Amino acid sequence: MRPPTQMPSRPSRSPNRGRIILIVAVVALFVFFTSLRGIAGFYTDFLWFQALDLTGVWTGILGAQVALALIFVGLFFVLMYVNLWFADRVAPRFRPSGPEEEVIERYYEVVGNRQGWVRLGVSAVFALIAGVGTSGQWESWILFTNQQEFGMTDPLFSTDIGFYVFQLPFLSFVTGWLFGSLVTVFLITAAAHYVNGGIRVNTAGERATPQVKAHLSVLLAVMALVRTAGYWLDRYELTVSSRGHVDGALYTDVNAQLPALHLLLLISLFAAGLFLVNIWRRGWVLPVVAVGLWAFVSVVVSGIYPAFIQRFQVEPAESSREAEYIERNIESTRFAMGLDEVETQPFDYNTDLDADDVMANQETIRNIRLLDPGIVNDTYQRLQADRGYYQFNDLDVDRYMVDGNITQVVIATRELNPDGVPNPSWESRSLIYTHGYGLAVAPASAIDPSGRPNFIVGDLPVRTDPGLDLELERPELYFGENLPGYAIVGTERAEVSIEEAGADGETITTAYQGKGGVPVGSLVRRLAFALRFGDIEPVISGFVTDESQILYIRDIRDRVHTVAPFIEFDADPYPVAADGGIHYVVDGYTTTDRFPYSQQANTEQVDPRSGLDSNFNYVRNSVKAVVDAYDGTVTLYVIDPGDPLVRAYAQAFPELFAPLDEMPEGLINNLRYPEDLFTVQTNMWGRYFLDDPQEFYAQDQAWQVAQDPGVTVDGSGQVTPVTNVEGEQTGTRERRIDPYYLLMRLPEEEDESFVMLRSFVPISQADERKELTSFMVAKSEIEEYGRLVVYEMPQGSQIDGPAIVNANILSEEDIASRIALLNREGSRVRLGNLILVPVEESILYVRPLYVQASGATQVPELRNVIVAFGNDIVMQPSLALALEELFGIQPETGEDPGFIEEPPDPLDPDAPDPDPLDPGDDDGPDDEDPPSTTTTTEPPSFEDGTAAELLTEADELFEEAEQALRDGDLGEYQRLVGEARDLIARALELVANGNGGADDGDSDVVPTDST
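Residues numbered from 1 in each chain as written. Predicted model: local features only at pLDDT ≥ 70, side-chain atom pairs only at ≥ 80, totals over all residues. Heavy atoms only, no water.

## Topic: the overall build of the protein
And then number 1: Helices and strands together make up the secondary structure of the protein, namely 29 helices and 35 strands.
And then number 2: Counting over 1011 residues, the protein shows a buried share of 52%.
And then number 3: Of the accessible surface of the protein, which amounts to about 45,000 Å², a share of 52% is contributed by carbon and sulfur atoms. (Helix = DSSP H or I, 4+ residues; strand = E, 2+ residues; numbered from the N terminus. Buried < 20%, exposed > 50% of the residue type's maximum accessible area, 1.4 Å probe, protein only. Areas by Shrake-Rupley, 256 points an atom, 1.4 Å probe, with all protein chains shown as cover.)

The following block contains the structure:
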């Protein structure tokens, strides 16, 4: 045996210090230059938060990340270094020789007397690996350090819910991390003992010295104690178990898994004791027994036993065994999903609606939405974009005061289209075309004579209807939806708003006066932004001055997510015109998946861009984020101060949040209940409206959201995949109808409300049940914001749901034939939303029908409105005419009079026959007394020509109209058809007056009554 100090070492050589310094310098420069862009991004992120006066948020998040990384890196470093130091201290003075000796000798030849540096290096490397990644737990740390109470306890452990949401996630992470770290430390320490000779595998007798044995036994005991803490926390994790029929701790969890965890907890304590006792005993029998017993109990008691209980005790009588726990799940899920205060009202459905009832609900009728945002987006684009560098990304439904009446509107912002910028150079993209401009607004039911939206705000320069109190002092939009890249403002290059469209024919320009940009006056900042965006132009451009600002992160959702990454945001920001400017409102949600006994949310059909397209079992619409479209300022208004999660975030970042009473009145009046949240709530309510655990288990009385009737004229709806809990697709089912906004007067209420509505049908495996059972509405007015009301149809009633109504519409012979005439070569029919409109205790189904050219230029125009009431279905050119046919009255609908009073469509098979030679059945004479006729040789002459000539000319115009339709020019098509109809009307007037021909005094044609 040889002591380590007698091991041969390499001959000492004087290092080439110059070469080493050169290598270090090259490496340092390489690391510096490869990190420059990251450094620039870090620096410009700080500048961005500074420009928004939110540096506290940036430093708060960064501080949490750095603190966690330092704490856990330091903790791991200490654990590793202390154990390696101790391993060196207890190393035997003489190492026993063995087959490994050659490898060990080589190791010491390399290390020499630098064992301290080896310990330091190994500890540092593994500490960085184990600790740096913990910075990703910054959100859990913030919640842990700002914990709040829910004021309610879970039914299993009687612990405040706040423990599960704020403390348990971080504590579970710490115990898991610590156990994994100790395993790593144990293995590396054992390797150190082996290198030092304290452990010998191929040696007779004791393979480890007593000091090594004691050291490793203590480490094993500490690991067992950490696992004991983990088992203690695992008990609480049972409250979100997904083992059984519903989520939460069910019969098997409470009666098998929980006792198993208690037993494992005792076993781990017992094992820790055995590890410590092993210090004073020979061999490793006790640790082997401890680990073996531990593993056996873990497999049998924690795995096999609960499975046995579930299979042979629970499943044969699951409904009764789980009744108590299902009741807990119902109560918790309702609260966690905001469904605990849903009001249920009976809807005594009848078809007694008459003209007086319709007139009594005039405002509801006037606001029935005929403009479908999913269809008329193309119309907005063609009619209102005006310039190629502007576009409408999204249309939203809202309400404004128009002529003193609250009116539902379809609103859209005219945003910058970077792909449409003329001469897309850096100068054009970044300095000249920097912003969008203004709004386009049309009442949801206002249709002009051509079937297009009747805009009350639109055109360039911005035109606003006098009846709308909506003046824009700042129509420019420097921030918007789907807006990439950056813009530099305040330069010596004028920014274009409207090119060659001013009153004097000159280009209208503007200069940014906002405060949402980052100053780029210094060379360092210009270089930083050049690195961030990969453009050298910010550095070399002569247009950029010391007063210039750079605007970036201009997309609304990216902007609010960057400001508050701990908030989940809605997929659909919507614009609000208020206080002379345009603001975007984005709904923010606080969520967690740790609420005891609550069911995981059903997120079917939630927009994939939404923050709610994730796993959670608690949600609150706690925040309304408002972004000024001009200067980019972001404010998060707390709309639900009772939510503990938003209180915790507000405590951590007080400068980020503001109370709702500080929101401007113009914004408050236009808040909407969010679609993504309502989608989740209605998905859940169909199952969770049931109170009785037995009925809930059976689910035969449950509802599901009504099937989507689709948008095609063949009646085929879309299908969506059905997946299991593992995410595997198990089949398909019909797509569910989307929620939609309505401005209406609800039953038994006096005033109109802006609500979101979604309907339900009975649950069925193959979607065969499509009768209407109920509909839910969510209110948006601030006084009743978030109030959910469900109107239930009478028990056992057979009321047609949306899918049945749609099938009835498309199978109605007259409507089907008229759609077929419109949906032919050169044109295409598009069906809008099928909207359920409750009126008194009756229901109207309204569906707009659009026609658009099938060519590249598509401008959908409203051609007909279909209304279904009870068993009656009518299709007329306007809603007013459809209601007149159903109820004998023509209420105010918002449609242009020229649209309402439009002459019959010549494509309509039910329209009066324009042929004056066909008497028809209405005014013709009695067959028993046919009138006499006198044949003459010359037709009389009239100033406007004969009826036959007028009809011939009308026929020619119809042919020209057909050609215009095939060419995709719907405007020309409409004009020609209108002229042709005028000619037909004049011809009919001639015939009706008995003047089918000329009258020059030589007439020998005497028109008969039949002509």
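Having seen the structure, we can now continue with the description.
## Comments concerning the pairing of strand β7 (residues 439-443)
And then number 1: Summarising burial for β7: 5 of the 5 residues are buried, a large majority.
And then number 2: Here β7 shows no split at all, with L439, V441 and P443 on one side and A440 and A442 on the other all buried.
And then number 3: Taken together, the 5 bridges between strand β4 (residues 405-413) and β7 define a ladder with antiparallel strand orientation. Counterpart to I411 in the pairing with β7 is V441. (Pairing = 2+ DSSP bridges.)

## Here we look at the pattern of salt bridges
And then number 1: For the structure on display, the rule yields 33 salt bridges.
And then number 2: In this structure, D45 and R532 form a salt bridge, with 2.9 Å as the shortest nitrogen-oxygen distance. Of this pair, D45 sits in helix α2 (residues 36-51) while R532 sits in helix α17 (residues 523-533), and the two are 487 residues apart along the sequence.
And then number 3: Across the pair E324 and R328 runs a salt bridge whose closest N-O atoms are separated by 2.9 Å. Here the residue E324 and the residue R328 both occupy positions in helix α12 (residues 323-336), the gap between them amounting to 4 residues, near one helical turn. (Salt bridge = Lys/Arg side-chain N within 4 Å of Asp/Glu carboxyl O.)

## Digging into helix α24 (residues 802-811)
And then number 1: Turning to α24, its buried residues are P802, A803, V805, N806, I809 and L810. Projected down its long axis, α24 shows its buried positions confined to an angular sector of 160°, all on one face. (Arc of directions from axis to C-beta.)

## As for helix α6 (residues 138-145)
And then number 1: Taken together, the buried positions of α6 are occupied by W138, I142 and L143. Angularly, the buried residues of α6 cover 140° about the axis, an arc narrow enough to put them on a single face.
And then number 2: Those residues of α6 that are buried lie in contact with α3 (55-89), α7 (161-196) and α20 (644-652). (Contact = heavy atoms within 4.5 Å.)

## Description of the confidence of the model for the protein
And then number 1: Residues at a pLDDT of 70 or more form 86% of the protein, whose mean pLDDT is 85.
And then number 2: Taken as a whole, residues 4-14 scores under 50 in pLDDT and shows 10 contacts with residues more than four places along the chain or in a different chain.
And then number 3: A low-confidence stretch, residues 911-944 stays under pLDDT 50, and its non-local contacts, those more than four residues away or across chains, total 47 contacts. (pLDDT = per-residue confidence, 0-100.)

## Points about the sheet that holds strand β14 (residues 518-519)
And then number 1: Reading across from one edge, β11-β15-β14 is the order of the 3 strands in this open sheet, with antiparallel pairing throughout. Every other strand in the sheet has two partners, leaving β11 (487-489) and β14 as the edge strands with one partner each.

## Let's talk about the packing of aromatic side chains
And then number 1: Per the stated rule, a full pass over the model turns up 47 aromatic pairs.
And then number 2: Taken together, a centroid distance of 5.1 Å and an interplanar angle of 85° make the contact between W48 and F49 edge-to-face. In terms of burial, W48 and F49 fall into one category: buried.
And then number 3: Here F775 and Y791 contribute two aromatic rings whose centre-to-centre distance is 5.2 Å and whose plane-to-plane angle is 25°, an arrangement assigned as stacked. Taken together, the residues F775 in strand β28 (residues 774-779) and Y791 in strand β29 (residues 788-792) connect sequence positions 16 residues apart. The exposure classification of F775 matches that of Y791, with both residues buried.
And then number 4: Note that R672 overlies the ring of Y574, its terminal NZ or CZ placed 4.1 Å from the centroid. (Phe/Tyr/Trp six-rings, centres within 6.5 Å; stacked < 30°, edge-to-face > 60°. Lys NZ or Arg CZ within 6 Å of the ring centre and 35° of its normal.)

## Observations regarding a nonpolar patch on the surface
And then number 1: Residues I23, V27, F30 and V31 make up a contiguous nonpolar surface patch of roughly 390 Å² in combined accessible area.
And then number 2: Here V27 is to be found in helix α1 (residues 17-34).
And then number 3: We classify V27 as partly exposed; its relative accessible area is 47%. (Patch = residues over 30% accessible without salt bridge, like charges linked within 9 Å, V, L, I, M, F, W, Y side chains within 5 Å.)

## Side note on the side chain of S610
And then number 1: Tracing the chain through its elements places S610 in the loop between β18 (581-592) and β19 (618-628).
And then number 2: Apart from residues no more than four positions distant in its own chain, S610 is found in contact with R557, F569, D570, A571 and D676.

## As for the layout of surface pockets
And then number 1: Its volume calculated, the second largest pocket comes out at about 1,300 Å³.
And then number 2: Lining of the second largest pocket is provided by 49 residues; of these, D372, G374, E675, D738 and N833 occupy positions nearest its centre.
And then number 3: Secondary structure elements with two or more residues in the lining of the second largest pocket: α15 (373-384), β3 (396-402), α22 (675-688), β25 (740-745) and β31 (827-831).
And then number 4: Tallied by class, residues from the lining of the second largest pocket come to 17 nonpolar, 14 polar and 18 charged. (1 Å grid on protein atoms, 1.4 Å probe; cavity = no way out; pocket = protein on both sides within 12 Å on 5 of 7 lines; lining within 4 Å. Points joined across faces, edges and corners; volume = space filled by probe spheres on them. Nonpolar A, V, L, I, M, F, W, Y, C, P; charged D, E, K, R; others polar.)

## Structural notes on the packing of α3 against α6
And then number 1: It is at 9 Å that the axes of α3 and α6 come closest, and there the two elements cross at 100°. Accordingly, the angle class assigned to the pair α3 and α6 is roughly perpendicular. Between α3, through I61, A64, Q65 and L68, and α6, the contact on the second element is made entirely by W138, W141 and I142.
And then number 2: Of the residues that constitute the contact of α3 with α6, the class distribution is 6 nonpolar, 1 polar and no charged. (Axes fitted to C-alpha atoms, helices over the stretch in contact; angles between N-to-C directions. Parallel < 35°, antiparallel > 145°, perpendicular 65-115°, else oblique.)

## Quick notes on the environment of R975
And then number 1: Within the secondary structure, R975 is located in helix α29 (residues 970-992).
And then number 2: By relative accessible area, which is 40% here, R975 ends up partly exposed.
And then number 3: Considering only alpha carbons, one finds R975 and A961, 14 residues apart in sequence, at a separation of 8.1 Å.

## Quick look at the nonpolar core
And then number 1: Formed by 253 residues in total, the largest nonpolar core has its most connected members in Y380, F566, L656, L844 and V867.
And then number 2: The element best represented in this core is α7, accounting for 15 residues.
And then number 3: Those residues within four positions of Y380 in sequence are excluded, and the remaining contacts are L371, A385, F392, L395, V410, A412, A440, V441, A442, P453 and F455. (Core = buried A, V, L, I, M, F, W, Y, C linked by side-chain atoms within 4.5 Å.)

## So, the environment of D234
And then number 1: Topologically, D234 is positioned in helix α8 (residues 210-237).
And then number 2: Judged by relative accessible area, which is 26%, D234 ranks as partly exposed.
And then number 3: As for D234 and H262, which are separated by 28 residues in sequence, their C-alpha atoms are 9.9 Å apart.
And then number 4: In this structure, D234 is in contact with R227 and L261, ignoring residues within four places of it in sequence.

## With respect to the packing of α3 against helix α5 (residues 115-131)
And then number 1: It is the contact of α3 with α5, at a shortest axis distance of 8 Å, that shows an interaxial angle of 145°. As for how α3 packs across α5, the hand of that crossing is right-handed. Touching A69, F72, V73, F76, F77, M80, Y81, L84, W85 and D88 of α3 are R119, L120, V122, S123, A124, F126, A127, L128, A130 and G131, all from α5.
And then number 2: The residue makeup of the contact of α3 with α5, split by class, is 16 nonpolar, 2 polar and 2 charged. (Left-handed = near helix turned anticlockwise from the far one by under 90°.)

## With respect to the environment of S450
And then number 1: Relative to the helices and strands, S450 resides in the loop between β7 and β8 (457-458).
And then number 2: Overall, the relative accessible area of 18% leaves S450 in the buried class.
And then number 3: Along the chain, S450 and D896 lie 446 residues apart, while their C-alpha atoms are 9.5 Å from each other.
And then number 4: Within polar-contact distance, the side chain of S450 engages the side chain of D448 at 2.8 Å. (Polar contact = N/O pair within 3.5 Å; in protein donor to acceptor, adjacent residues only side chain to side chain.)

## Topic: the side chain of N83
And then number 1: Relative to the assigned elements, N83 resides in helix α3.
And then number 2: Given a relative accessible area of 9%, N83 falls into the buried group.
And then number 3: For N83, the residues in contact, after removing those within four places along its chain, are V185, T189, H215 and L219.

## What to know about unusual backbone geometry
And then number 1: Here the bond from L460 into P461 is cis, since omega is -5°, no more than 30 degrees from zero.
And then number 2: Following the sequence through the fold, P461 ends up in the loop between β8 and β9 (463-464).
And then number 3: Even without a glycine there, the phi angle at D53 is positive, about 60°.
And then number 4: The backbone of N482 shows a phi angle near 55°, a positive value even though the residue is not glycine.
And then number 5: The exposure class assigned to N482 is partly exposed, which follows from its relative accessible area of 48%.

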